[in-house]
Amino acid sequence: MAEPKASPDEVDDELVCHICLQPLLQPMDTPCGHTYCFHCLSNFLHDQDFCPVDRQRLQLQQCRASSLLVRNLLDKLAVLCPFRSECQQGMQRCELQPHLHNRCPAFRRLREEAERKKRPSWNELKGSKSDGDLADAKSTPIARTGQLSGPSEPGLVNPAFEEGEDDTPLRSSLVAEATVVELLREDPDEDLGLRIVGGKDTPLGNIVIQEIVRDSLAARDGKLAPGDHILEVSDVSLASIPHSRAVAVLRQSCSRVRLTVMQEKGFKPRPEHLAQHSASPPSQSPSPNQNHGTIIQVTLVKREHSEPLGIKLIRKSEEPGVFILDLLPGGLAAKDGKLRNNDKVLGINGQDLRHGTPESAAQIIQACEMRVNFVVMRLPDLSEEGGEGQSRGTRRVPEPQYFKRRSEYMKEPPVGFSSQEKTVSLKKEPRHSLGITIAGGRDCRSRLPVYITSVQPVGCLHRDGTVKTGDVLLSINDMDLTHLTYNEAVTILKTQAAQNTVTLRVIQTFAEEEEQDGESSTREDMDTLEGPKEDDINWAPLWTRWLGLPSYIHWCRDIMLMKTNSESWGFSIVGGYEESRGQQPFFIKTIVPGTPAHFDGRLKCGDEIVAVNGVTTVGMNNSSLIPMLKLQKNKVTLTVVSWPGSLV
């Protein structure tokens, strides 16, 4: 649905498109200094070759996305819900889409009406129901769940969902599920144990869990997983805030943390009998091993209206309808034991879902009072026939170590991130300390460069003021520090610091969005993010600080994935060249459970792909990278740069 535009009288003229005279949508800047909506400008330049204002020669490829500051100002514009007759809600423009999909009653009504029009008669199903027993009403409540499936994001390519040479989908669609997870901590300041990447100021857009720290609060709870997208923290939305602000929200001191996360789930191989059946003429009668399966009726009884059932639902690309992906351990459905993974949901409480969606199924379940009646179709179990099941059992074990080296691929940082080299020369007494502590080194787990964790008030560098916490060390007295291990760096720093003259070269990174966001943040928030606590010996820069480093400091690793012809690689990517955004690096956004990338275990969300089989991805767009990945039938080597996520 199109986003409503506020009246130009309410908006600064600098934020108004010169073509449609409305507030900008996807603003694009021209080389001659004018700004237009992306669609307005692309439609205009389809027939013309000049700027609409000054008529200078212009092509769309010359234009670039407007600055983050402009986009932030546009996101904060006040708008009204487009369904004003039924919903008078006012909000910031960036909150409109979540409002429509999650809260607007008028939009929900229209969506349900559209779904009902597509549903065939329910009476066709009634004659085929079989009897089932009542479920055990005793169950332990688990996290509330609801299904979400939004439009694909610009720049998102999905090698996880490959198609065969005959263009027949081999995999079911990946559907996101919204889950509420509550974490309780005895110490309000205890870390949750999550490493996160992403944010509005990065190509990933959303805040994504990169890693669960072992033995942490989140690890003990067990409900969160790498790849989960964090949507809200205790009712504070993370949808339109930069990375640094999201970290500040997640680090807030409290005893109860309520996280709303979107979990992207895996998919199962396409059943062989379905592929055969789809190729059969419509009039052909199915053979015994091509039957439609058994119709089963199951009734679940909830102890209270809000109790979740513990069922994860998905849609598949090869056929319409809703399927059960998984039953959550300890949930009502799992304890009952009658529903199974891969059951097709034909109906719930008399409402036909043969052509429904997981979203509509979730709404029906949520509207049920105590009894939820399922009619499902169960396909024959082919696990005993071997084939795919056996091949999965022989999945190779990942190599215990991987090769890391200095990156040879030169590229620019993502838009909004940059760095600056600084040099400081000091004359000092040999006995005086530089007054810095360091961490990193190429022998650490993430193969980081050596960086400064604190600048002590008693040291020489603190008095000079040039060197800051988080700066990466390049050299001291012309001795290169970028390739050293931690112990090697400590030895050289101590030796050179004993001299009368010390010349130190460092590099400082910048994130444009963090600086803008800092203007509205409290001083306490910024101090928490930028400086370590007195007792924090494990302090490290935020994930976004690494993104601004130049390529010559990057260390990359080669990851070789292997698969069978019928498998997909199992990761989704965001980035690449787009007319509306310019050139962005390719980042791993999702690792799909049950795929080669997941079993291998080395790829992480937030990793940057710099080459495929030795061919650089710099300058590529989506239409170039997707075919390259699809051409690799059984083996592919990804060269990636990986930075540790921010710890919260």
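- By the naming in an unreviewed UniProt entry, the chain goes by Ligand of numb-protein X 2b and is assigned to Cyprinus carpio carpio.

**Some points on the overall build of the chain**
Working step 1: Along the backbone of the chain there are 18 helices and 33 strands.
Working step 2: Counting across all 648 residues of the chain, residues that qualify as buried make up 49%.
Working step 3: Contacts spanning at least 24 positions in sequence make up 69% of the contacts within the chain whose residues lie at least 6 apart.
Working step 4: Taken as a whole, the chain presents about 30900 Å² of accessible surface, with 49% of it coming from carbon and sulfur.

**Structural notes on the side chain of T299**
Working step 1: Mapping T299 onto the fold places it in strand β14 (residues 294-301).
Working step 2: Within the structure, T299 has its side chain in polar contact with the side chain of N373 (distance 2.7 Å).

**Some details on helix α13 (residues 486-497)**
Working step 1: When the terminal C-alpha atoms of α13 are compared, their 16 Å separation across twelve residues agrees well with the 16 Å that a helix rising 1.5 Å per residue should span.
Working step 2: Among all positions in α13, only A489, I492, L493, Q496 and A497 are buried. Looking straight down α13, one finds its buried side chains confined to an arc of 120 degrees; they lie on one side. Exposed residues lying more than 90 degrees from the buried face of α13 are N487 and K494.
Working step 3: Close packing links the buried residues of α13 with β22 (436-441), β23 (448-455), β24 (472-476), β25 (479-480) and β26 (501-511).

**Quick look at the packing of aromatic side chains**
Working step 1: On inspection of all chains with the given rule, the structure shows five aromatic pairs.
Working step 2: Consider the rings of F83 and F107, whose centres lie 6.3 Å apart with planes at 50 degrees: the pair is tilted. You can see F83 sitting in the loop between β4 (78-80) and β5 (90-92) and its partner F107 sitting in helix α4 (residues 105-118), a full 24 residues away along the chain. Here F83 matches F107 in class, with each residue buried.
Working step 3: Ring geometry for W546 against W643: centres 5.3 Å apart, planes inclined by 5 degrees, an arrangement best described as stacked. Residue W546 is located in helix α16 (residues 543-547), and its partner W643 is located in the loop between β32 (635-641) and β33 (646-647); the two are separated by 97 residues in the primary sequence. Comparing W546 with W643, the two get one shared label, buried.
Working step 4: Three or more aromatic residues joined by ring pairs form one cluster here, namely Y451, W546 and W643.
Working step 5: When the ring centre of F50 is taken as origin, the NZ or CZ atom of R55, which lies over that ring, is 4.1 Å away.
Working step 6: In this arrangement the basic side chain of K563 is found over the ring face of W569, its NZ or CZ atom lying 5.0 Å from the centre.

**Re the environment of V574**
Working step 1: Mapped onto the elements, V574 comes out in strand β28 (residues 571-574).
Working step 2: Since its relative accessible area comes to 2%, V574 is described here as buried.
Working step 3: In the structure, V574 is positioned ten residues away from Q584 in sequence and 8.8 Å away in space, judged by C-alpha atoms.

**Considerations on the side chain of E307**
Working step 1: In this structure, E307 sits in the loop between β14 and β15 (311-314).
Working step 2: Buried and unpaired, E307 has R303 as its nearest opposite-charge partner, separated by 4.1 Å.

**A word on the sheet that holds strand β3 (residues 64-65)**
Working step 1: Spatial strand order, β2-β1-β3: three strands in an open sheet with antiparallel pairing. Of all strands in the sheet, those bounded by a partner on one side alone are β2 (35-37) and β3.
Working step 2: Taken together, the three bridges between strand β1 (residues 27-29) and β2 define a ladder with antiparallel strand orientation. Residue pairing for β2: M28 is matched across the bridge by Y36.
Working step 3: In this fold helix α1 (residues 38-47) packs onto β1 and β2, with an angle of close to 95 degrees to the strand it touches most, β2.

**Considerations on the UniProt feature "domain: RING-type" (unreviewed entry) in the chain**
Working step 1: As recorded in UniProt, the sites labelled "domain: RING-type" (unreviewed entry) are residues 17-55.
Working step 2: Across residues 17-55 one finds 26% helix and 15% strand; the C-alpha atoms that close the span lie 16 Å apart.

**Topic: unusual backbone geometry**
Working step 1: Notably, S234 is not glycine yet its phi reads approximately 50 degrees, a positive angle.
Working step 2: If you trace the backbone, S234 turns up in the loop between β11 (229-233) and β12 (236-237).
Working step 3: Residue class for S234 comes out partly exposed when judged on its relative accessible area of 34%.
Working step 4: The backbone of N613 shows a phi angle near 50 degrees, a positive value even though the residue is not glycine.
Working step 5: Positionally, N613 belongs in the loop between β30 (608-612) and β31 (615-616).

About the thresholds
- Residues numbered from 1 in each chain as written.
- Predicted model: local features only at pLDDT ≥ 70, side-chain atom pairs only at ≥ 80, totals over all residues.
- Heavy atoms only, no water.
- Helix = DSSP H or I, 4+ residues; strand = E, 2+ residues; numbered from the N terminus.
- Buried < 20%, exposed > 50% of the residue type's maximum accessible area, 1.4 Å probe, protein only.
- Contact = heavy atoms within 4.5 Å.
- Areas by Shrake-Rupley, 256 points an atom, 1.4 Å probe, with all protein chains shown as cover.
- Polar contact = N/O pair within 3.5 Å; in protein donor to acceptor, adjacent residues only side chain to side chain.
- Expected span 1.5 Å × (residues − 1).
- Arc of directions from axis to C-beta.
- Phe/Tyr/Trp six-rings, centres within 6.5 Å; stacked < 30°, edge-to-face > 60°.
- Lys NZ or Arg CZ within 6 Å of the ring centre and 35° of its normal.
- Lys, Arg positive; Asp, Glu negative; His and termini not counted.
- Salt bridge = Lys/Arg side-chain N within 4 Å of Asp/Glu carboxyl O.
- Pairing = 2+ DSSP bridges.
- Axes fitted to C-alpha atoms, helices over the stretch in contact; angles between N-to-C directions.
- UniProt positions renumbered as here; feature names shortened; annotations may be inferred.

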